[in-house]
Structures are given as C-alpha cells and as structure tokens.
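Commentary on secondary and tertiary structure
Single-letter residue listing:
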Amino acid sequence: MDTRYRKTVIAGNWKMNMLPSEVRPYAERLRALAPANRACDIVLCVPHVLIPAAVAAFRDSRNRVFVGAQNLNEHPSGAFTGEVSAAMLADAGATYVIIGHSERRTYFREMDAIVNEKVSAALGAGLRPIICVGETLAQRELGITDDLITLQVKTALSGVPADKMRRIIIAYEPVWAIGTGKTATAEQAEEVCSHIRAVLRSLYGARTARAVTIQYGGSMNGGNAAELLSMPDIDGGLIGGASLTPEKFIEVIAAAGE
Ligand code: PGA
C-alpha cells in the first residue's frame, strides 16, 4: 500500500451469513478489540436485511465502520420483484456496495455489461462501488489473466468519468483463492494489482490511477495480510470468511496499520 496517494480500505464481505440480532454483539466485540486505527477505513458489506442494524450498531464506533451492501439492481425503481435499488441502499445508510463479485458472476450470471450498469447506478446514488475482478484457475493456466482483467476493468468502468474514480475501489479476487484457503502469493497478487493500475493509467492518466484504492481478496487473513499489504499496489483487502469473527477481522485491520 502507498498511503501517500490513496486510502487503505479493509472491507469485510459477510456474504449470506449472520442474523440481524447478531450484528450488535459483533459490533460491541469489534469495538472492544479495536485499537483506534486511523491508518485505514473499515467497511462491512452485509446482507441487505442487516443494513439498518449494522448502520445503527456501528454509528458511534471509535474506528468508523462504514456499512456496505453486497449487490444492487441496476434500475432506479420499478417492477423488479425482490430487487433492491441504489437509492434504497443509500437511504438505508449504506455507503459502499460490492459489484460483480465472482459468486454473482458465477451463480447469478452477471456479465461485465451488467456490472457496468450497476457501477453507474451506484455512483448515481452516491454509493462507493467495490468492483470485483478476477480470473479462474483455468484462465490463469491459459495465460490470459491480464487480458481478462483488462476486459473486466475497462467494461466495468465504461462511461465512468475520471472525477468519480476516487469513489471507486477495485478488488482483485482470483476466483481460485476465494473461500478455498488458497491465497495468491503476495507477488502474484501484486502483479495483477499493478496491472489493474496500469489499465487505470491508460484510461485516466497517472494522477487519477495512483489515487484509486486497489484491494486484494481471496482467503486473506491475519496470517497473510501484512505481507499482501506490504506490496505497493495492494491498498487493502476484501475479506470473506475471516470477517465473520471480530477476533479474526481485527487481525487483518491491525495488519493494515503496521
Ligand atoms: P474469502 O472471501 O476471504 O472467504 O476467500 C473473499 C471474498 O469472496 O470476497
């Protein structure tokens, strides 16, 4: 991470875990454990139905914890039964939203073009998108990681003006490392994160590119976070499994302060 130009952001992704009634005890435990760490911003991306409880529970934490969602619908409103809009999330107090997570791409057939529409909907409502990109093991073995990442980043950001880029986080999440206990080495992760920054530079120029927070995600935990975060282009993490327990999440947050 390079804190001269950009913010370090540690984000938890609870996925489809936790209950509304479990949010307050989690927040209290996290608060009890957390040293006032101003070195990074902390985000928790929770299921939609947990957002109000999370916003209330984290409102007065010493370490400001921002609440995020894990998905949104690209349309502003209307007959889309079961869906949630950007404006609803913002009005409920969410500030971030994960877009294009590999689980959404795989299980819900989300394509790059939809990811792009969601990014634009999120920005329009004042939310900060955390855009996930990443290759499968087969794609890595074919040697097409950089090409694929270029395509994912360029499509996701199509039509996004440079002045909005400070509100966007790109999360590099190799699909083969998610929930598998298999982390990319710090060198592998840095290689792709620096490629992402090069793509941003080609789109927006060096000044804008160096201001964008790029996260690594995929089995990140207290044991590997410090090494990953020591890389120049890795400015934070998107943490699944290890964010479900305050004791484990705090280890990653602490690593960001080292
Ligand atoms: P994991 O998930 O940390 O459990 O691998 C990361 C993610 O999917 O965002």
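Our subject is the structure that appears above.
The structure displayed is predicted, hence computed values, not measured ones.

What counts and how
Residues numbered from 1 in each chain as written. Predicted model: local features only at pLDDT ≥ 70, side-chain atom pairs only at ≥ 80, totals over all residues. Heavy atoms only, no water. Helix = DSSP H or I, 4+ residues; strand = E, 2+ residues; numbered from the N terminus. Rg over C-alpha atoms; globule rule 2.2 N^0.38 Å. Buried < 20%, exposed > 50% of the residue type's maximum accessible area, 1.4 Å probe, protein only. Areas by Shrake-Rupley, 256 points an atom, 1.4 Å probe, with all protein chains shown as cover. Lys, Arg positive; Asp, Glu negative; His and termini not counted. Charge placed at Lys NZ, Arg CZ, Asp CG, Glu CD. Near = heavy atom within 4 Å. Polar contact = N/O pair within 3.5 Å; in protein donor to acceptor, adjacent residues only side chain to side chain. Nonpolar A, V, L, I, M, F, W, Y, C, P; charged D, E, K, R; others polar. Pairing = 2+ DSSP bridges. Disulfide = S-S within 2.5 Å. Core = buried A, V, L, I, M, F, W, Y, C linked by side-chain atoms within 4.5 Å. Contact = heavy atoms within 4.5 Å. Salt bridge = Lys/Arg side-chain N within 4 Å of Asp/Glu carboxyl O. Axes fitted to C-alpha atoms, helices over the stretch in contact; angles between N-to-C directions. Parallel < 35°, antiparallel > 145°, perpendicular 65-115°, else oblique. Left-handed = near helix turned anticlockwise from the far one by under 90°.

Quick notes on the overall build of the protein
Looking only at helices and strands, one finds 11 helices and eight strands in the protein. A globule of 258 residues ought to have a C-alpha radius of gyration of about 18 Å, and the protein, at 17 Å, matches this closely. Expressed as a percentage of the 258 residues in the protein, the buried residues total 53%. As displayed, the protein has an accessible area near 11,500 Å², and 53% of this comes from carbon and sulfur atoms. Of the charged side chains in the protein, 27 are positive and 27 negative, and the gap between their average positions amounts to 6 Å.

Notes on the site of the ligand
Around the ligand sit 13 residues in total, of which Lys 15, His 101, Glu 173, Gly 179 and Ser 219 are the nearest. One nitrogen or oxygen atom from the side chain of Glu 173 is found 2.7 Å from an oxygen atom belonging to the ligand. Bound to the protein, the ligand loses 95% of the 280 Å² it would expose on its own. Residue composition of the shell around the ligand, grouped by class: four nonpolar, seven polar and two charged.

Considerations on the pairing of strand 5 (residues 128–133)
Within strand 5, five of the six residues are buried, leaving the element largely enclosed by the surrounding structure. Both strand 4 (residues 96–99) and strand 5 contribute to a ladder of four bridges, which runs parallel. In the strand pairing of strand 5, Tyr 96 is matched with Arg 128. One ladder, built from four bridges, connects strand 5 with strand 6 (residues 169–172); its direction is parallel. When the bridges of strand 6 are listed, Ile 130 appears paired with Ile 169.

Thoughts on the state of the cysteines
Applying the stated rule across the entire model yields zero disulfides. Sulfur of Cys 40: no disulfide; nearest cysteine sulfur belongs to Cys 45 and is 14 Å away. Given a relative accessible area of 6%, Cys 40 falls into the buried group. Its sulfur unpaired, Cys 132 is 8.8 Å from the next cysteine sulfur, which belongs to Cys 45.

Observations regarding the nonpolar core
Leu 157 and Ile 196 are the most contacted members of the largest nonpolar core, which totals 72 residues. Sort the elements by how many residues they give to this core and helix 8 (residues 186–204) lands first, with eight residues. Leave out the neighbours within four places in its chain, and Ile 196 touches Val 133, Ile 149, Val 153, Ile 170, Tyr 172 and Ile 214. Among the nonpolar cores identified, the runner-up in size contains 12 residues, and Cys 45, Phe 66, Tyr 96 and Ile 130 belong to it.

So, the pattern of salt bridges
One pass over the structure, following the stated rule, counts 12 salt bridges. Arg 29 serves as the salt-bridge partner of Glu 247, at 2.5 Å between the closest nitrogen and oxygen. Note that Glu 247 is positioned in helix 11 (residues 246–256) and Arg 29 in helix 1 (residues 20–33), a separation of 218 residues in sequence. Given a relative accessible area of 31%, Glu 247 falls into the partly exposed group. Among the ionic contacts, a cluster of salt bridges with common partners joins Arg 6, Arg 197, Asp 233 and Asp 235.

Some details on the pairing of strand 2 (residues 40–45)
Of all six residues in strand 2, six are buried; the element is thus mostly enclosed. Residues Cys 40, Ile 42 and Leu 44 point to one face of strand 2 and Asp 41, Val 43 and Cys 45 to the other, with burial holding for every one of them. Where strand 1 (residues 8–13) meets strand 2, six bridges bridge the pair, whose relative direction is parallel. Paired with Thr 8 across the bridge in strand 2 is Cys 40. Alignment of strand 2 against strand 3 (residues 65–69), held across four bridges, turns out to be parallel. Within strand 3, the residue paired with Ile 42 across the bridge is Val 65.

Here we look at the packing of helix 1 against helix 2 (residues 51–58)
At a closest axis distance of 9 Å, the pairing of helix 1 and helix 2 adopts a crossing angle of 25°. Compared by their axis directions, helix 1 and helix 2 come out roughly parallel. Note on packing geometry: the crossing formed by helix 1 with helix 2 is right-handed. Along its contact with helix 1, which presents Pro 20, Val 23, Arg 24, Tyr 26, Ala 27, Leu 30 and Arg 31, the element helix 2 presents Ala 53, Ala 54, Ala 56, Ala 57 and Phe 58.

Looking at the sheet that holds strand 1
Pairing is parallel around the closed barrel formed by eight strands, whose spatial order is 1-2-3-4-5-6-7-8. In this sheet, neighbouring strand axes are inclined to one another by 25° on average, regardless of whether the strands run parallel or antiparallel.

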